[in-house]
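Results of the structural survey
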Amino acid sequence: MVLVAAIASGLIAGVFLGFSVGVMPALKQVDDKVFIDVMQRINRVIGNGLFGLTFLVSMLTALAIPVIDLLNGGGVDAAAVIGSVLVLLSHGFTFGGNFPLNARLEAAGPVSRQKNSAEVRRMFEAPWNRWHNLRGLAVAVGFILLCVAI
């Protein structure tokens, strides 16, 4: 279980790192309408397929590890449990921060119909990046601890 959690969380951490060091810095350089259009497109497709499955597996295995540790009664593997908690915290940041911002960006409608794309971007970009960096840090450290536990 810890191995599966480590693999899934490592894959998620890699995607988040790619966003932090590649996608978001590149989008910072484009105009408001392009930024909004691209982020709306990414948000519509990212949860599908392999990423969605990996995201779900990382969450479910991270939930299972502490429960299994407690039920086995053989003591708690601190690295595995803390790593799992950090992976779950990353998901909490996603559900509590990034997903609501993604929904708000989608609700703004297509850029062709927006009257103030600069305001839409301003309300989205900086808060989304803060939540994203928090979740990225949490899942990366969680991944490292899960690897230590293996």
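Everything numeric in this text was worked out from a predicted model, so none of it was measured. Chains are numbered independently. Their residues run from 1 in the order of the written sequence. Local features in this predicted model are restricted to residues whose pLDDT is 70 or higher, and side-chain atom pairs enter the listing and the counts only when it is 80 or higher, whereas totals over whole chains, interfaces and linings include all residues. Just so you know, side-chain values use all the structure's heavy atoms and leave hydrogens and water out.

1. Things to note about the overall build of the protein
Put simply, the rule reads: To qualify as a helix, a DSSP run of H or I must reach at least 4 residues; to qualify as a strand, a run of E must reach at least 2; elements of each kind are numbered from the N terminus. Each residue is placed in one exposure class: buried if its accessible area under a 1.4 Å probe, protein chains only, is under 20% of its type's maximum, exposed if it is over 50%, and partly exposed if it falls in between. When checking whether two residues touch, look at their non-hydrogen atoms; a contact exists if any pair is within 4.5 Å. Per-residue and other accessible areas follow the Shrake-Rupley method at a 1.4 Å probe size, with only the shown protein chains counted as cover for residues. In this count, Lys and Arg are taken as positive residues and Asp and Glu as negative ones, while His and the chain termini are left out. To locate a charge, the coordinates of NZ of Lys, CZ of Arg, CG of Asp or CD of Glu are taken.
Helix and strand counts for the protein come out as five helices and zero strands. For the protein, the succession of helices and strands along the chain, N to C, is α-α-α-α-α. For the protein, the C-alpha atoms occupy an extent of roughly 60 × 25 × 25 Å along the three principal directions. By the burial criterion, 41% of the 150 residues in the protein qualify as buried. Taking the contacts inside the protein whose residues are at least 6 apart along the sequence as the reference set, 82% of them involve residues at least 24 apart. Summed over its atoms, the accessible surface of the protein is roughly 8000 Å², and 70% of this surface lies on carbon and sulfur atoms. Within the protein, the 8 negative side-chain charges are centred at a point lying 9 Å from the centre of the 11 positive side-chain charges.

2. Considerations on the side chain of Asp69
As a reminder, the rule being used: In protein, a polar contact requires one atom able to donate a hydrogen and another able to accept it; more generally it is a pair of N or O atoms within 3.5 Å, and residues adjacent in sequence count only if both atoms are side-chain atoms.
Locating Asp69 in the fold gives a position in helix 3 (residues 49-72). Only 2.9 Å separates the side chain of Asp69 from the backbone nitrogen of Asp77, close enough to count as a polar contact.

3. Quick notes on the nonpolar core
In plain terms, the rule: To define a nonpolar core, start from buried Ala, Val, Leu, Ile, Met, Phe, Trp, Tyr and Cys residues and group those joined through side-chain atoms within 4.5 Å.
If you look at the biggest cluster of nonpolar residues, it comprises 15 residues, and the most contacted ones within it are Ile12, Phe16, Val139 and Leu146. At five residues, the largest contribution of residues to this core is made by helix 1 (residues 2-28). Ranked by size, the runner-up nonpolar core spans 13 residues in total, among them Met24, Leu105, Val120 and Trp128.

4. Remarks on the packing of aromatic side chains
Just so we agree on the cut-off: Ring pairs are drawn from Phe, Tyr and Trp, using the six-membered ring of Trp, whenever the two centres fall within 6.5 Å, and their geometry is named by plane angle: stacked under 30 degrees, edge-to-face over 60, tilted for the rest. By the criterion adopted, a ring carries a charge over it if an Arg CZ or a Lys NZ lies within 6 Å of its centre and within 35 degrees of its normal.
Across all of its chains, the model carries eight aromatic pairs by this definition. Summarising the aromatic geometry, the rings of Phe55 and Phe99 are spaced 6.3 Å apart at their centres and angled 40 degrees between planes, so their arrangement reads as tilted. Of the two residues, Phe55 is situated in helix 3 and Phe99 in helix 4 (residues 78-107); the sequence distance between them amounts to 44 residues. For Phe99, a relative accessible area of 36% translates into the label partly exposed. An aromatic cluster is present here, built from Phe19, Phe35, Phe124 and Trp128 joined pairwise through their rings. Positioned above the aromatic ring of Phe16, the side-chain terminus of Arg135 is 4.1 Å from the ring centre.

As far as function goes, none of this settles anything; it's purely spatial.
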